[in-house]
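Examination of the molecular architecture
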Amino acid sequence: VSATLPAGSAPRLSASPTALVASTGLGYRFNNWTPAGPAVTLPASGSVTYTANYAVACFLVLTEVQPAGSGTITLSPASPANLPANCYPNGSAITATIVPAAGRLAGTIQPGAAGTGGLSPYSFTITGPTLLVGTTTAAPAPAPNVNWAFVSRNGLTAVFRATNNGNLPANNLRINALTPSPG
């Protein structure tokens, strides 16, 4: 940034307190101006260059769940309020948990392509930008749920009533009758 100001004026310099560079996964925090000083006064002639100095403040955690659309990953604790979302200071302890979509079960979480992960929830200490890849699997179909109730008995014939409790497809109930042996 450059500007032409009258000689002897006192410009105000400002910088963004925290900036995130998504392509590198690094969050930067403004440290100071160089040359430093409590006040900036321009010389009578010529120019002065001031540099905004930033330092790495946090590392970005990106998440994805496979197959796509099968869930999300939540991070706990949330990143500090003074930092961008999902950006944590070096050495922060983080727990990642898969929240599976309906009909799915949480699986494993891997940090990056070659990292050693574990089952959800997965805890780790951040030391650099991190990509967490979670997996889900299809939940097994529920077991059929049929209630049987004795209704009556007439001689050698017993009558039972079957009630489908909602998860057995219609017309999928098969009853095998056994004939008691004399004796």
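Located above this text is the structure these notes cover.
Since this is a predicted model, take the numbers as computed values, not measurements. (Residues numbered from 1 in each chain as written. Predicted model: local features only at pLDDT ≥ 70, side-chain atom pairs only at ≥ 80, totals over all residues. Heavy atoms only, no water.)

**Some details on the overall build of the protein**
Where we set the bar: Secondary structure elements follow DSSP: runs of H or I of four or more residues count as helices, runs of E of two or more count as strands, with numbering from the N terminus. Classification of residues uses two cut-offs on accessible area relative to the type maximum, computed with a 1.4 Å probe and protein chains only: under 20% is buried, over 50% is exposed, and between them is partly exposed. We call two residues in contact whenever any of their non-hydrogen atoms come within 4.5 Å of each other. In this description, accessible areas are obtained by the Shrake-Rupley approach with a 1.4 Å probe, and a residue is regarded as covered only by the protein chains that are shown.
Per the secondary structure count, the protein includes zero helices and 12 strands. Its helices and strands in sequence order give the protein the pattern β-β-β-β-β-β-β-β-β-β-β-β, from N to C terminus. Across the 183 residues that make up the protein, the buried fraction comes to 20%. Across the protein, contacts joining residues at least 24 apart in sequence account for 56% of those joining residues at least 6 apart. Of the roughly 12400 Å² of accessible surface on the protein, a fraction of 57% belongs to carbon and sulfur atoms.

**Let's talk about the nonpolar core**
Which entries qualify depends on this criterion: The definition of a nonpolar core used throughout is a set of buried Ala, Val, Leu, Ile, Met, Phe, Trp, Tyr and Cys residues joined through side-chain atoms within 4.5 Å.
Core analysis: the largest hydrophobic core is formed by 15 residues, its most contacted members being Leu75 and Leu132. Those elements that place two or more of their residues in this core are β3 (51-66), β4 (71-76), β6 (93-100) and β9 (122-125).

**Things to note about the packing of aromatic side chains**
Defined as follows: Between 30 and 60 degrees the pair is tilted, below 30 it is stacked and above 60 it is edge-to-face, where a pair is any two Phe, Tyr or Trp rings, Trp via its six-membered ring, whose centres lie within 6.5 Å.
For the structure shown, the criterion picks out one aromatic pair. Note on Tyr122 and Phe124: the rings are 5.7 Å apart at their centroids and 15° apart in plane angle, and the pair reads as stacked. An identical accessibility class is assigned to Tyr122 and Phe124; each is buried.

**Topic: the state of the cysteines**
Definition in use: Cysteine sulfur atoms are paired as a disulfide whenever they fall within 2.5 Å.
According to the stated counting rule, one finds one disulfide in the structure shown. Here Cys58 engages in a disulfide with Cys87; their sulfurs sit 2.1 Å apart. The sign of the 90° torsion about the S-S bond sets the Cys58-Cys87 disulfide as right-handed. Of this pair, Cys58 sits in strand β3 while Cys87 sits in strand β5 (residues 87-88), placing them 29 residues apart in sequence.

**So, the pairing of strand β7 (residues 104-111)**
Each regular strand shows side chains that alternate between the opposite faces of the sheet. This is how the line gets drawn: For two strands to count as paired, DSSP must find a minimum of two bridges between them.
Sheet topology places β7 next to strand β10 (residues 130-138); six bridges connect them, and they run antiparallel. Bridge pairing in β10 links Arg104 to Ala138.

**Considering the sheet that holds β4**
Convention followed: Only C-alpha atoms enter the line fits that serve as axes; for helices the fit covers just the stretch in contact. Angles between N-to-C directions range over 0 to 180 degrees.
The three strands lie next to each other as β4-β6-β9, forming an open sheet whose pairing is antiparallel. The open sheet has two edge strands, β4 and β9, and neither has a second partner. Averaged over all neighbouring strand pairs, the angle between strand axes comes to 25°, with direction disregarded. Of the strand pairs in this sheet, β4 and β6 are connected by six bridges, and their pairing is antiparallel. Each bridged residue has a counterpart across the sheet, and for Leu75 the counterpart in β6 is Ala96.

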